[in-house]
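Each chain is listed here by its residues.
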Amino acid sequence: MPHRWPPVSSKCSHLLHGGDYNPDQWTRTPEVWDQDMRLMKLAGCNAVSVGIFAWSSLEPREGQYEFGWLDAILDKLAANGVSAILATPSGGKPTWMARAYPEIRRMQADGQRQQPGGRHNHCRSSPLYRQKCQQINRKLAERYGRHPALILWHVSNEYNNGDCFCDGCLAAFRDFLRQRYHNDLDQLNHAYWSAFWSHHFPDWESITPVDRSLHGLMLDWERFKTRQVIDFFKAETVPLRELTPDIPVTTNFMNNHAMLDWWAFAKAVDVVAWDSYPAWHETGDDVAVAAGTALLHDQCRSMKGGRPFILMESVPSIPTRGRIKKRKEPGMHRLSSVQAIAHGSDSVLYFQWRKGRGGLEKFHGAVVDHAGHEQTREFREVAEVGALLARLDGVVGTSIQPQVALIQDWENEWALREGASVYLGENIKYRQECQAHYQPFWATGVAVDVIDQTADLAKYRLVTLPLSYLLRNGFAEKLRAFVAQGGTAVMTCFSGLVDESDLCLLGGAPGHGLREVFGVWEEETQNFFPHEKVGVACVNGNPLKLTGTYPAVDICSVIHPQGAQTLAVYKDQYFAGTPAVTGHAFGQGKAYYLAARLGMDFLLPFYRRLCADLALPKAIPADLPAGTTAQLRTDGHTDFLFLSNFNKTPAVVPLDRPYTDALTGETVTGRITLERYGVRILKRNGPASE
Ligand code: GAL
């Protein structure tokens, strides 16, 4: 049953609003700090992240600390009712340190150390860098651990999977392999299929992850880097955990990238946080951008079993990435901020509070522009969000327990990139495929958890697992039990091909017993160019009552039913007339196989039919107009309904019962109009929606 999660800090029971604050860039003009405090009040900001890249201001020379500026800032924040999310500074190494101790810089494959400079580029194995981080973190925890402003530790910044080939990293990698393969080199050689091109490893010392021809090796290198990052993170947090056990610890994830196994990382943080930079107005399809962003929000909520997450960074207007950089159009800031809340965030935080005068990010969107006052569109839109969030205290800690799960797995993603690109080339498109299987639920108002293959499936009724090329140990058995016990599973072509080592499974795909579950054997997969046509026609009288012909793209497999019923067949190509979509009763459940890559025009009616057949809960009963969505957060007593319109034109949503507008208190019934980029937040008391 849903319940209310505790707020991230007992010191602050509001939705957090604010962002990355760099007062260390303004120490020459401390009057700016006072302007910041005035403007934070006006913008409705109640939390800022301080000190993320401030190491050279905190310790300008080795062992010489300068905390005066941070003392002043934290006191000002406390006096103004703004909470501090205090960062540890390891994301940016001070220049003096990078020069004095080259070992903290990453080593490239050619054996050269990187130059000083850049950021997020320290060696994770260097004992010296770990020690330096612990020293500065201890100082911060000792000095500010009891400061009234402090609510949360922001450890480092955006850890990544960049390579370092120094001796320390390679030794740690080999230790990791020894553990993984139980000290058995034969096991490792088999897992890597190392007879290929005569790559057999005669001893542990000869294993170096610079050769991409052994897919199992590269997969282990990615696993190792995640392990090492988590290890580094844990080392950084030792003084924090020891001195401030009551202050929660987090770091900002980039789960929009395949870099690290963020699902594994989530276990090490107290609350999940992520940085969201969607490409609004850049792709010509804001609705797809919205669905993709929603998926990532849902993923963060799912990582801790439904616990609300923190949107740690987002941009109030213009990012610095993107080929053509677009400012958010009027309304989009409010809509995208509320979107995060709708999917389970308890915050809207930005990069950045104030634009710096120099450096790479001097034009990056910020609450406060170089103009320095509140008379900008950007500031007004942020202040509007601040006022809105201030009325939503009741949302804090509410969540949702979806009955649908989408499996997007990082090990599978790495394996597709390393091991399957030799087959699918540019057609892999794993993230797009996941989004295609997520968007129909989003467009229907059915809540979704986004999980990985290690997650528990028992609490779901429908599980969709697009392009599940790699099967992690134990996953196929879990999926089999899920379906046997009454669950519904949907899998797409090119699934169940390899094991955890990226070794191809023998005996026909999908392997590990999934052929019996889905009742099909997949013989071959063909790649298509965009101009090639493959139609998929629904079979008359199919049990899902699907009709029509739909285009398939990129990849299509030839499959042979082995017990499954054909629901749709190919119309074109050398496999015309053979099955493209099948359904199979297995135990108490159902298993659907989509042998063709199909788009929204098929997937929407397909999933809507499954949702209806399973009577899965929807945020509201009505069918939603295209480009809109409805999301629900609840504590089991009060439901908050978020209606959002990502279209540039108004849309009408019919309500089945009266609600109260959560912002104005007025009663809302019947058909309500959402303006262009419009959003409404409604509430009602009672049990969570049926
Ligand atoms: C984030 C990073 C911030 C800032 C921002 C700009 O990835 O954490 O420090 O660089 O990007 O969009």
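Residues numbered from 1 in each chain as written. Predicted model: local features only at pLDDT ≥ 70, side-chain atom pairs only at ≥ 80, totals over all residues. Heavy atoms only, no water.

### Considerations on the overall build of the protein
Alright, step 1. Helix and strand content of the protein: 17 helices and 27 strands.
Alright, step 2. For 690 residues, the compact-globule estimate of 2.2 N^0.38 gives 26 Å, and the C-alpha radius of gyration of the protein, at 26 Å, lies within 12% of that figure.
Alright, step 3. The proportion of buried residues among the 690 residues of the protein is 62%.
Alright, step 4. Contacts in the protein between residues far apart in sequence, at least 24 positions, make up 72% of those at least 6 positions apart.
Alright, step 5. Total accessible area on the protein stands at roughly 25,900 Å², and carbon and sulfur atoms take up 51% of it. (Helix = DSSP H or I, 4+ residues; strand = E, 2+ residues; numbered from the N terminus. Rg over C-alpha atoms; globule rule 2.2 N^0.38 Å. Buried < 20%, exposed > 50% of the residue type's maximum accessible area, 1.4 Å probe, protein only. Contact = heavy atoms within 4.5 Å. Areas by Shrake-Rupley, 256 points an atom, 1.4 Å probe, with all protein chains shown as cover.)

### So, the sheet that holds strand β9 (residues 347–350)
Alright, step 1. The strand order across the open sheet formed by six strands is β5-β4-β3-β2-β1-β9, and the pairing between neighbours is parallel. Lying at the two open borders of the sheet, with one neighbouring strand each, are β5 (249–250) and β9.
Alright, step 2. Pairing geometry for strand β1 (residues 16–21) and strand β2 (residues 47–50), over four bridges, is parallel. Note on β2: the bridge partner recorded for Asp-20 is Ser-49. (Pairing = 2+ DSSP bridges.)

### Focus on helix α8 (residues 215–243)
Alright, step 1. Over its 29 residues, α8 extends 43 Å from the first C-alpha to the last, a length consistent with the 42 Å expected when each residue adds 1.5 Å.
Alright, step 2. By the largest-angle criterion, Thr-237 marks the main kink of α8, which is about 40°, and a proline, Pro-239, follows within four residues.
Alright, step 3. For α8, a buried count of 21 out of 29 residues is recorded, marking the element as mostly surrounded by other parts of the structure. (Expected span 1.5 Å × (residues − 1). Bend = angle between axes of the 7 residues up to and from the residue.)

### So, the nonpolar core
Alright, step 1. Leu-77, Trp-153, Phe-265, Phe-518, Phe-602 and Phe-606 are the most contacted members of the largest nonpolar core, which has 184 residues in total.
Alright, step 2. With nine residues, the single largest contributor to this core is helix α10 (residues 286–303).
Alright, step 3. Ignoring sequence-local partners within four residues, the contact set of Phe-518 consists of Leu-479, Ala-489, Met-491, Ala-564, His-584, Ala-591, Tyr-592 and Tyr-593.
Alright, step 4. With 19 residues, the next largest nonpolar core counts Leu-170, Leu-188, Leu-214 and Trp-221 among its residues. (Core = buried A, V, L, I, M, F, W, Y, C linked by side-chain atoms within 4.5 Å.)

### Some points on the environment of Ala-366
Alright, step 1. If you trace the backbone, Ala-366 turns up in the loop between β9 and α12 (377–390).
Alright, step 2. For Ala-366, a relative accessible area of 0% puts it in the buried group.

Keep in mind these numbers describe shape, not what the thing actually does.
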